[in-house]
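Examining the three-dimensional arrangement
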Amino acid sequence: MNAIIGMSELLLDTPLSAQQADYLQTVLSSSMSLMGIINDVLDFSKIEAGRLELEAYPIDLREWLGDSVKTLAIRAHSKSLELACHVDPAVPKSVRGDGMRLRQVAINLLGNAIKFTDEGEVLLDVTVEESYEDRLLLHFRVRDTGVGIPKEHQARIFDAFEQADMSTTRKFGGTGLGLAISSRLVKMMGGRMWVESEPGHGSTFHFLAEFGVCETSEKAPARRMTAVLDGLRVLIVDDNETNRDILAEMCKNWGLNPVSAADAAEALQKIRNLDPCKDPFELAIIDAGMPDIDGFSLVESIHGETDFAGPVIMMLSSPDRQEELARCQEVGVRTYLIKPIKQSDLMDAIVTVLDLSIVREVAQVAQPPEQTRSLNILLAEDSLANQKLAIGLLSRWGHQVTVANNGREAINRLSEKNFDVILMDIQMPELDGISATAEIRELQADGKVPLCPIIAMTAHAMKGDRERCIEAGMDDYVSKPIRPPELSKALTRAVEHYPQRDENEPTSEPPAAPASAATAPQELFNWTNFLETVLNDPRLAKDVVNGYLAETPQLMTQLEQSTRQRNSELATRMAHTLKGSLRTFDSPLESSAKTLEAAAKDGDWETVASVLPEFSNQMEQLESQLRDKLQQLANPRG
Ligand code: ADP
C-alpha cells in the first residue's frame, strides 16, 4: 500500500494528460479505501486479541477535533450538508488521552452521519459529563438529520460486520466494522457508546470517554486576548442556527459582544436600527452561502446602503475556492475562513482583520519549524518500490540520497562517506535494521565512523515497536506508509537535536570527494524539479541553462541601473523576468526576486536597496553552479 499510494502521489505531481490524471486519481482513491479496510480489519483483530494498548499524551481538544471535522468538509459539502463542531466552554483546553484513537472514533461517527444524511446538518458536540480530581469524563454527541435507524437494529449495529440494513450495503459501501471498533475503543477509554434514533428523523450517536486532566490546563478562552477584544460588537450572519450559536459562543468566550442575524435582510436591519446608546458594529462575520441573498451581495448592500465601514470576515464552504475567492476580491473582503470553523481559525482571522499585531506575535510562536538544509542521507531499504518512493520525496526536498539494499551494505557505505542522517528499514535480508543499528553504534563509539542520527522506517505499527527501535539505539521512528509531512518533521527533528557533524572528523578511510561535497555551498537550484519541467530531456535542459546564462547578466545590469535611476517601471519588469527564469529552476532566489518586484513597483527603494546586494551575490553563485552543472553534463565522469 505504501508503494502504491506513495508512487501514485508522486506520479500525480508530474506532467500528465487529463485522462491519465483521472485514472491515477481513481487508483489513489481506491488504494486509500482499500487501506481503510485493511486498517479496520487489523485494528479489529488487534482489539480482539487484546493487543491494542491506548496511549496517553496531552491533546488540545478543540484543535484536535476541529482538524478531524475539517477532513470531512469536502464530503459534507458535496452533499450540501452543514458540518460543525462545538466544544462547550467548560471543557478544558488540553486533556491527556489517546488523541489518534479519539480522532478515529470521531471520524467514524461523523463519516457515517454524512453517509446516511441527505439534507440538513451534522454536528459534533462535546460537554463535560463528570469531573473528578485528576480525571474527566467527557460526553461526545454526533447528531445528524439523516435516515435514522429502526429500533430493532439499534443494538446490532455495534456488532462486527453488522449493518442496519444489509440490502443498502451496495449503495453505501462499508464493512460494518466501524462501529464495532469505535465502541470497543470507547470502552477501553473508560466509557461506552449508544445511539438514539428515529427513522426519518436522524440519529444521535453518544459516547462517554475518560481523559486525564493536564496540570497546566487553562479554561478555553485565551485570557490575555480578552483585554484587547473586550466588548467589541460583532455582527454574525448565517442562515444555519447551529453555526450562528457556535460562532456567538466562541466570540463571547473572548469577551466580544456578538449579535446574530439569520439572513441578509435581518443583518441590514440590525446595522441600520442600531440603538444610538450602543457602540456601532466593529466587525462582521458573514456566511458566503446563504439562500436568497448570499454573503457577497450582502457585503455589497452593506457598503452601498449603510454606514458600516468595518472589516468583514467571510465564511466560505465551497471546496471550489477559486470562484469564491474571486468573489471575495470583487466585493473587497480580504479575510475569509473555510467551514467548518475551528476556534483558533476564527481567532486568527479576527486578529488579522483588526490588525492586532501584538496578539498576532503570540500566535506566531506556534509556527512550524523551517525545512531543513540539504542533507546527505543514507537510505537502508530493501524494497525497490519503497526505495524509489523515498528517493523521490527526499530529492524533491533537495537532499542527496545514497541507497543500501540491506544492513550490511549500509555499514559498508558508512565507511566510504559521511552522512547527516540514516533512514533505516527494520526488516531487511542479510542484516536487519536493529542489528545494523547496534553495529553502527559500536563503530561510532569506537570513533571508526562519525556520529549521526538514525531514523527507523518500518511497517510495524504495533505499540512497543517504537520502544524496540529506540532501545536498539535509534533516535526516531516513522511508520510506513511514509507520509511526507511525518518524514519531513522527523528529519528536521533529527538534525536539530543532533550536534552538527564536524566536517573534518576523520572517517576510517581518508575522506575523498564526499568531504568537499559536504562543505560545498547549498545549491541554489533544484535540478530534479528542473528536469521534470524540461520533461527529463537533457538536450532541452542544456538549452534552457545556456539561454539563462546568456540572458541573465544583462537583466541584472539593467535591474541595478534602473534601481540607481529610481526607474520603477523598468526595475519592476526586470525583477519580474528574473523571477520567471528562477522559477524554472525552482530556485530559492525566486522569493527575493518577488520581493524586489513588489518593492520596485511600490517605489519602495529602501527595501530594494536592502535586498539587491545579497541577491546579486547569490545570482552570481547560481550562475557558477549552473556552469558547473553544464560541465558535469558534458563530462559525466568528471
Ligand atoms: P459501515 O458504515 O462500514 O457499514 P459501521 O459499523 O460504521 O459500518 O455502521 C454499521 C451500520 O450502522 C451502517 O451500515 C448503518 O446501517 C448503520 N449506521 C451507522 N451510523 C448511522 C447513521 N448516522 N445513520 C443511519 N445509520 C447508521
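Residues numbered from 1 in each chain as written. Predicted model: local features only at pLDDT ≥ 70, side-chain atom pairs only at ≥ 80, totals over all residues. Heavy atoms only, no water.

Observations regarding the pattern of salt bridges
Cut-off, in case you're wondering: A pair is scored as a salt bridge if a Lys or Arg side-chain nitrogen falls within 4 Å of a carboxyl oxygen belonging to Asp or Glu. Elements are defined by DSSP. Helices are runs of H or I of four residues or more, strands are runs of E of two residues or more, and each kind is numbered from the N terminus. Only protein chains enter the calculation, and the probe is 1.4 Å; a residue is then buried if its accessible area is under 20% of its type maximum, exposed if over 50%, and partly exposed in between.
Under the criterion given, the structure shown has 24 salt bridges. The residue Lys79 makes a salt bridge to Asp118 at a minimum N-O spacing of 3.6 Å. Residue Lys79 is located in the loop between helix 4 (73-78) and strand 2 (82-87), and its partner Asp118 is located in the loop between helix 5 (99-115) and strand 4 (121-131); the two are separated by 39 residues in the primary sequence. Take Lys79: its relative accessible area is 26%, and that puts it in the partly exposed class. Linking Arg141 and Asp125 is a salt bridge whose minimum nitrogen-to-oxygen distance equals 3.6 Å. Placement of the pair is Arg141 in strand 5 (residues 135-144) and Asp125 in strand 4, with a sequence separation of 16 residues. Given a relative accessible area of 25%, Arg141 falls into the partly exposed group. Ionic contacts of the salt-bridge type, sharing partners, join the residues Glu82, Asp238, Asp287 and Lys339 into one network.

So, the sheet that holds strand 17 (residues 476-479)
Defined as follows: Note on pairing: DSSP must find at least two bridges between two strands before they are called paired. Note on geometry: axes are lines fitted to C-alpha atoms, helical ones only across the stretch in contact, with angles between N-to-C directions running from 0 to 180 degrees. Only heavy atoms matter for contacts: two residues are in contact if any of them lie within 4.5 Å across the pair.
Strand order in the open sheet formed by five strands is 14-13-15-16-17, and the pairing between neighbours is parallel. Edge positions in the sheet fall to strand 14 (400-404) and strand 17, since each of these pairs with one other strand and no more. Pairs of neighbouring strands in the sheet enclose a mean axial angle of 20 degrees, with direction left out of account. Of the strands in this sheet, strand 13 (376-380), strand 14 and strand 15 (421-425) touch helix 16 (residues 407-416), which is tilted by about 135 degrees from strand 14. Lying on the sheet, helix 17 (residues 433-445) is in contact with strand 15 and strand 16 (454-458); it crosses strand 15 at an angle near 150 degrees.

Comments concerning the packing of aromatic side chains
We describe a pair of aromatic rings using the distance from one ring centre to the other and the angle between the two ring planes. Rule in force here: Geometry of aromatic contacts follows a simple scheme: Phe, Tyr and Trp rings, the Trp one being its six-membered ring, pair when their centres are within 6.5 Å, and the pair is stacked under 30 degrees between planes, edge-to-face over 60, tilted otherwise. Lysine NZ or arginine CZ positioned within 6 Å of the ring centre and within 35 degrees of the ring normal marks a charge as sitting over the ring.
The tally for this structure, following the rule as stated, stands at eight aromatic pairs. Seen in terms of ring centroids, Phe530 and Phe585 are 4.7 Å apart; in terms of plane orientation they differ by 35 degrees. Their pairing is tilted. Highlighted residues: Phe530 in helix 21 (residues 527-533) and Phe585 in the loop between helix 23 (568-584) and helix 24 (590-602), separated in sequence by 55 residues. The pair formed by Phe530 and Phe585 is uniform in burial state, with each residue classed as buried. Taken together, Phe525, Trp527, Phe530, Tyr548 and Phe585 form an aromatic cluster joined through their ring pairs. Above the face of the Trp64 ring, Arg103 is positioned so that its terminal group lies 4.5 Å from the ring centre. The ring of Phe281 is capped by Arg233, whose NZ or CZ atom sits 5.1 Å from the centre of that ring.

Considering the confidence of the model for the protein chain
The criterion, for reference: Per-residue confidence from the predictor is reported as pLDDT, a score between 0 and 100.
For the protein chain, the average pLDDT comes to 83, and 85% of its residues sit at 70 or higher. Low pLDDT (under 50) marks residues 501-520, which in the prediction has 16 contacts with non-local residues, meaning those over four places away or in another chain.

Remarks on the pairing of strand 10 (residues 283-287)
In summary, the side chains of a regular strand alternate between the two faces of the sheet. With five of its five residues buried, strand 10 lies for the most part within the structure. Side chains Leu283, Ile285 and Asp287 project from strand 10 onto one buried face, and the interleaved Ala284 and Ile286 project onto a second face that is buried too. By the bridge criterion, four bridges tie strand 8 (residues 233-237) to strand 10 in an arrangement that is parallel. From the neighbouring strand, Val234 faces strand 10, where its bridge partner is Leu283. Bridge count between strand 10 and strand 11 (residues 312-316): four bridges; the pairing is parallel. Its bridge partner being in strand 11, Ile285 is matched across the sheet by Ile313.

Looking at the side chain of Thr242
The condition that has to hold: Within 3.5 Å is the distance limit for a polar contact, defined as a pair of N or O atoms, with the added protein rule that one can donate a hydrogen and the other accept it, and that residues adjacent in sequence qualify only through two side-chain atoms.
Counting through the fold element by element, Thr242 comes out in helix 9 (residues 241-253). Thr242 sits in the buried class, given a relative accessible area of 16%. Within the local environment of Thr242, its side chain forms a polar contact with the side chain of Glu121, the two groups lying 2.6 Å apart. Ignoring sequence-local partners within four residues, the contact set of Thr242 consists of Glu121, Leu123 and Arg143.

Details of unusual backbone geometry
Each neighbour pair has its own omega, and for Lys339 with Pro340 the value is -5 degrees, a cis peptide bond. Here Pro340 shows up in the loop between strand 12 (335-338) and helix 13 (343-353). For Asp292, which is not glycine, the phi dihedral falls at a positive 60 degrees. Phi angles above zero are rare outside glycine, and Asp586 is one such case at about 50 degrees. Relative to the helices and strands, Asp586 is located in the loop between helix 23 and helix 24.

Side note on the packing of helix 22 (residues 538-564) against helix 25 (residues 605-634)
Threshold: Relative orientations are named as follows: roughly parallel for angles under 35 degrees, roughly antiparallel for angles over 145 degrees, roughly perpendicular for angles from 65 to 115 degrees, and oblique for any other angle. The handedness criterion is simple: a crossing whose near helix is rotated anticlockwise from the far helix by less than a right angle is left-handed, and one whose near helix is rotated clockwise is right-handed. Three categories are distinguished: nonpolar for Ala, Val, Leu, Ile, Met, Phe, Trp, Tyr, Cys and Pro, charged for Asp, Glu, Lys and Arg, and polar for the others, with Gly belonging to the last.
For the pair helix 22 and helix 25, interaxial distance at closest approach is 11 Å and the crossing angle is 160 degrees. When the axes of helix 22 and helix 25 are compared, the pair comes out roughly antiparallel. In the packing of helix 22 onto helix 25, the handedness of the crossing is left-handed. On helix 25, the residues touching Lys542, Val545, Asn546, Tyr548, Leu549, Thr552, Pro553, Met556, Leu559, Glu560, Ser562 and Thr563 of helix 22 are Trp605, Val608, Leu612, Phe615, Ser616, Met619, Leu622, Glu623, Leu626, Arg627, Leu630 and Leu633. Of the residues contributing to the contact of helix 22 with helix 25, the split by class is 15 nonpolar, five polar and four charged.

Focus on the sheet that holds strand 10
Read across the open sheet, the five strands follow the order 9-8-10-11-12; overall the sheet is parallel. Every other strand in the sheet has two partners, leaving strand 9 (257-261) and strand 12 as the edge strands with one partner each. Sheet twist, expressed as the average angle between the axes of neighbouring strands with direction ignored, equals 20 degrees. Bridge count between strand 11 and strand 12: four bridges; the pairing is parallel. In the strand pairing of strand 12, Ile313 is matched with Thr335. Set on the sheet, helix 13 makes contact with strand 10, strand 11 and strand 12; between it and strand 12 the angle comes to about 175 degrees.

Overview of a negative patch on the surface
Our working definition: To count toward a patch, a residue needs a relative accessible area over 30% and no salt bridge; like charges are then connected within 9 Å, while nonpolar side chains (Val, Leu, Ile, Met, Phe, Trp, Tyr) are connected within 5 Å. Reported accessibility uses the Shrake-Rupley method at a 1.4 Å probe radius. Residues are deemed covered only where the shown protein chains occlude them. His is not counted, nor are the chain ends; Lys and Arg add positive charge and Asp and Glu add negative charge. One atom stands in for each charge, and that atom is NZ of Lys, CZ of Arg, CG of Asp or CD of Glu.
A cluster of acidic side chains, namely Glu53, Glu55, Glu467 and Glu471, defines a negative patch on the protein surface. With respect to the element layout, Glu53 can be found in the loop between helix 2 (18-48) and strand 1 (57-60).

A look at the environment of Met315
You can see Met315 is positioned in strand 11. Along the chain, Met315 and Pro340 lie 25 residues apart, while their C-alpha atoms are 9.0 Å from each other. Residues contacting Met315, with those up to four places away along its chain left out, are Val237, Asp238, Leu247, Ile285, Ile286, Asp287, Ala288, Leu337, Lys339 and Ile341.

Points about empty space enclosed by the protein
Here is the rule we go by: Cavities and pockets are defined on a 1 Å grid built over the protein atoms alone: a cavity is a set of grid points where a 1.4 Å probe fits but cannot escape, while a pocket is an open set with protein on both sides within 12 Å along at least five of seven lines, and lining residues are those with an atom within 4 Å of any such point. Grid points are joined across faces, edges and corners, and a volume is the space filled by probe spheres set on the points.
Evaluation of the coordinates by the stated rule reveals three cavities of 30 Å³ or more. What the largest cavity holds in volume is close to 150 Å³. Every residue lining the largest cavity is counted, 15 residues in all, and those nearest its centre are Cys85, Val87, Met250, Ile341 and Gln343. Of all the secondary-structure elements, those providing two or more residues to the lining of the largest cavity are helix 3 (61-70), strand 2 and helix 9. Taken together, the residues that form the lining of the largest cavity break down as seven nonpolar, four polar and four charged.

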